[in-house]
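One letter stands for each residue in the lines below.
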Amino acid sequence: MTEINTNIEQAILILKADDLVAIPTETVYGLAANAFSETAVEKIFKLKKRPSFNPLIVHIGSIVELDRIAKNIPPLAIELAKAFWPGPLTLLLEKTELIPNLVTAQNKTVAVRMPNHPATLQLLSELDFPLAAPSANPFMSVSPTKPEHVKKYFDGKLKMILDGGFCSEGIESTILGFENNNAVLYRQGSCSTAEIEKITGKLLLPKSDNSTPKVPGMLKRHYAPKTKFILTSNYKKELRNHANKKIGIMLFSAPSELLPNISFRILSEKESLKEAAQNLFATLIELDAMKLDLIIAVYVPNKGIGKSINDRLERAASL
Ligand code: TXA
Ligand code: MG
């Protein structure tokens, strides 16, 4: 049985014993282990069935800890950390010897961030090691934003899920790297690129193509539900193409008319992109559990966090 509770002392004991705890963050739930312990980190890869070439993010509780994780840190990175931490911004920095190669998948860089969730910040402040944590879902599936999602994925295989409620942002962190003191955007995420660019100037895009992604999170297909999934800007046309099927439709805001036998799910009744981001993965997981023949998702307005929502929808729809 996997426990869902708010017992930070219990989480500390489990983590100190080189075992795993699922932790809440403002973005999605993470599957956490002592980042300095290879034994512990190995358990993450095993439980997630994550290939060892896919590196993990290291979570710290205060900016002071950064020196144990990374070295030769560019001044621009420090400036960004001061502006956005705790928050959904992950920085790729040169790793120290304390970080096992397993964490970084043999890369010389380590991904690091300070999550903005009171329970996890409290937990980190009581540990004398940082936490390596990927999203708490099996490889390739939809990221969890509620403790119940994690339980469904790993019930019985994980001792404890630290209950931090419904993740407020709902989409993973934005990932930046650095080249010659320029910032490179590796993954769109919850941290606004417009806000980041106020500090960095225009963000560069990575040179790698899809066959050799630097960030496997940029793999074209990702975050995918099991149910057949179509992304469109015109769901009525798709409905005509798929008559007599059990269909769920995921929309940004309320449709002009409801249709019989179609399950509509609205991401934000009040047409807020922030609320839509929070609801995105929970809605996908809900629709995926309904044994439908088809899920039709509709693009959200492509501005601000809407770009990150559309990015995740495109990866879910990609074959
Ligand atoms: O919001 C988040 O970032 C959540 C929460 C739990 O913090 N974590 C998360 O982790 O999304 P994960 O493992 O699902 O995605 C991390 C991404 C992966 O695509 C991984 O390849 C990339 O970060 N990454 C990690 N370390 C890297 C490195 N050293 N170089 C390049 N990419 C790296
Ligand atoms: Mg993930």
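1. Looking at the domain arrangement of the protein
What the domain assignment lists for the protein is domain 1 (3-200) and domain 2 (229-317). The C-alpha-based centres of domain 1 and domain 2 are spaced at 28 Å. Across the boundary between the two partners, domain 1 contributes 20 residues, which contact 15 residues of domain 2. Contact between domain 1 and domain 2 buries roughly 1400 Å² in total, counting both sides, with carbon and sulfur atoms accounting for 57%. Run the count over domain 1 and domain 2 and you get two salt bridges. Among the ionic pairs, Glu172 bridges to Arg312, the shortest N-O distance being 2.9 Å. In terms of residue count, helix α7 (residues 147-154) provides more of the side of domain 1 that touches domain 2 than any other element does, three residues in total.

2. Notes on the pairing of strand β7 (residues 109-113)
Of all five residues making up β7, four are buried, and the element is well covered by its neighbours. In terms of strand pairing, strand β6 (residues 89-95) meets β7 through four bridges, oriented antiparallel. Looking across to β7, one finds that Leu91 is bridged to Val112.

3. Some details on helix α10 (residues 273-288)
For α10, with 16 residues, the first-to-last C-alpha span of 22 Å sits near the 22 Å given by 1.5 Å per residue. Where α10 bends most, the angle comes to about 40°, and this point is Asn279. For α10, a buried count of 12 out of 16 residues is recorded, marking the element as mostly surrounded by other parts of the structure. For α10, every residue scored as buried is listed here: Leu273, Ala276, Ala277, Gln278, Asn279, Leu280, Phe281, Ala282, Thr283, Leu284, Ile285 and Leu287. Summarising the contacts, the buried residues of α10 are in contact with α7, β12 (229-232), β13 (247-251), β14 (262-266), β15 (294-298) and α11 (305-317).

4. Regarding a positive patch on the surface
Taken together, the side chains of Lys152, Lys226, Lys246 and Lys291 present a region of like positive charge at the surface. If you trace the backbone, Lys226 turns up in the loop between α8 (193-200) and β12. Its relative accessible area of 78% is what places Lys226 among the exposed residues.

5. Points about the confidence of the model for the protein
In the predicted model, the protein carries a mean pLDDT of 95, and 96% of its residues have values of at least 70. Across the protein, the element-wise mean pLDDT spans from 94 in helix α9 (residues 235-241) up to 99 in strand β2 (residues 21-23).

6. Looking at the nonpolar core
Membership of the largest hydrophobic core comes to 47 residues, with the highest contact counts inside it found for Leu80, Trp85, Leu89, Leu91, Leu93, Leu158 and Leu176. With residues near it in sequence (within four places) discarded, Trp85 still touches Ile60, Ile63, Leu66, Leu80, Leu91, Val112, Arg113 and Met114. By size, the runner-up hydrophobic cluster in this structure holds 25 residues, among which are Val28, Phe252, Leu267 and Leu280.

7. Focus on the environment of Gly164
Tracing the backbone through its elements, the reader meets Gly164 in the loop between β9 (160-162) and β10 (174-179). Each C-alpha atom of the pair Gly164 and Ala194 lies 28 Å from the other, and the pair is 30 residues apart in sequence.

8. Brief notes about the packing of aromatic side chains
Counting across every chain of the model gives two aromatic pairs. Centroid distance Tyr235 to Phe264: 6.0 Å. Interplanar angle 80°. Geometry classified as edge-to-face. Here Tyr235 is found in helix α9, whereas its partner Phe264 is found in strand β14, with 29 residues between them in sequence. Across this residue pair, the class does not change: Tyr235 and Phe264 are buried. Looking at Lys146, its charged tip hangs above the ring of Phe166, at a distance of 4.7 Å from the centre.

9. Some details on the side chain of Thr145
Within the secondary structure, Thr145 sits in the loop between β8 (131-132) and α7. When sequence neighbours within four positions are dropped, the list of residues in contact with Thr145 reads Thr27, Val28, Tyr29, Gly165, Phe166, Cys167, Gly170, Phe281 and Ala282.

10. What about helix α1 (residues 8-16)?
Because each turn of an α-helix spans 3.6 residues, side chains separated by three or four positions end up pointing in the same direction. All of the buried residues along α1 are Ile8, Ala11, Ile12, Ile14 and Leu15. Angularly, the buried residues of α1 cover 165° about the axis, an arc narrow enough to put them on a single face. Of the exposed residues in α1, those oriented more than 90 degrees away from the buried face are Leu13 and Lys16. Against β2, β3 (30-34), α6 (118-126), β8 and β9 lie the buried residues of α1. Of the residues that open α1, the one with a side-chain oxygen 3.2 Å from the backbone nitrogen of Glu9 is Asn7. Immediately downstream of α1, the backbone of Asp18 shows phi near 65°, a positive value.

What counts and what doesn't
Residue indices follow the written sequence of each chain, beginning from 1 at its first position. For naming, the first written chain is A and the first written ligand is 1, with later ones following in the order written. With the structure being a predicted model, the display of local features is reserved for residues of pLDDT at least 70 and the display and counting of side-chain atom pairs for 80 or more, all residues being used for whole-chain, interface and lining totals. As a convention, hydrogens and water are excluded, and side-chain values are obtained from all of the structure's heavy atoms. Just so you know, the domain bounds were taken from an automatic or database domain assignment. Whether two residues are in contact is decided by their heavy atoms: any pair within 4.5 Å suffices. Once two parts are brought into contact, the accessible area they lose, counted with a 1.4 Å probe and summed over both, makes up the buried area. We define a salt bridge as a contact between a side-chain nitrogen of Lys or Arg and a carboxyl oxygen of Asp or Glu at a distance within 4 Å. Numbering of helices and strands runs from the N terminus; a helix is a DSSP stretch of H or I covering at least four residues, while a strand is a stretch of E covering at least two. Any residue under 20% of the maximum accessible area for its type is buried, any over 50% is exposed, and the rest in between are partly exposed; the area is computed with a 1.4 Å probe on protein chains only. When DSSP locates at least two bridges between a pair of strands, those strands are taken to pair. Expected span of a helix, by definition, is 1.5 Å for each gap between consecutive residues, and there is one gap fewer than residues. The angle between axes fitted to the seven-residue stretch ending at a residue and the seven-residue stretch beginning at it gives the bend at that residue. In this scheme, patches are assembled from residues that exceed 30% relative accessible area and form no salt bridge. Like charges are connected within 9 Å, while nonpolar side chains (Val, Leu, Ile, Met, Phe, Trp, Tyr) are connected within 5 Å. Values of accessible area rely on a 1.4 Å probe in the Shrake-Rupley scheme; residue burial ignores everything except the protein chains shown. Counted charges follow a simple rule, with Lys and Arg positive, Asp and Glu negative, and His plus the chain ends left uncounted. Taken as the charge location is NZ of Lys, CZ of Arg, CG of Asp or CD of Glu. Across the chain, each position has a pLDDT score giving the predictor's confidence in that residue, from 0 to 100. Throughout this description, the term nonpolar core refers to a set of buried Ala, Val, Leu, Ile, Met, Phe, Trp, Tyr and Cys residues connected via side-chain atoms within 4.5 Å. The rule is short: rings of Phe, Tyr and Trp, with Trp giving its six-membered ring, pair when the centres are within 6.5 Å, and they are stacked under 30 degrees, edge-to-face over 60, tilted in between. To sit over a ring, a charge needs its Lys NZ or Arg CZ within 6 Å of the ring centre and within 35 degrees of the ring normal. Working note: the arc is built from the helix axis to C-beta atom directions. Two N or O atoms count as a polar contact when they lie within 3.5 Å, although within protein this holds only if one can serve as hydrogen donor and the other as acceptor, and sequence-adjacent residues are included solely when both atoms are side-chain atoms.

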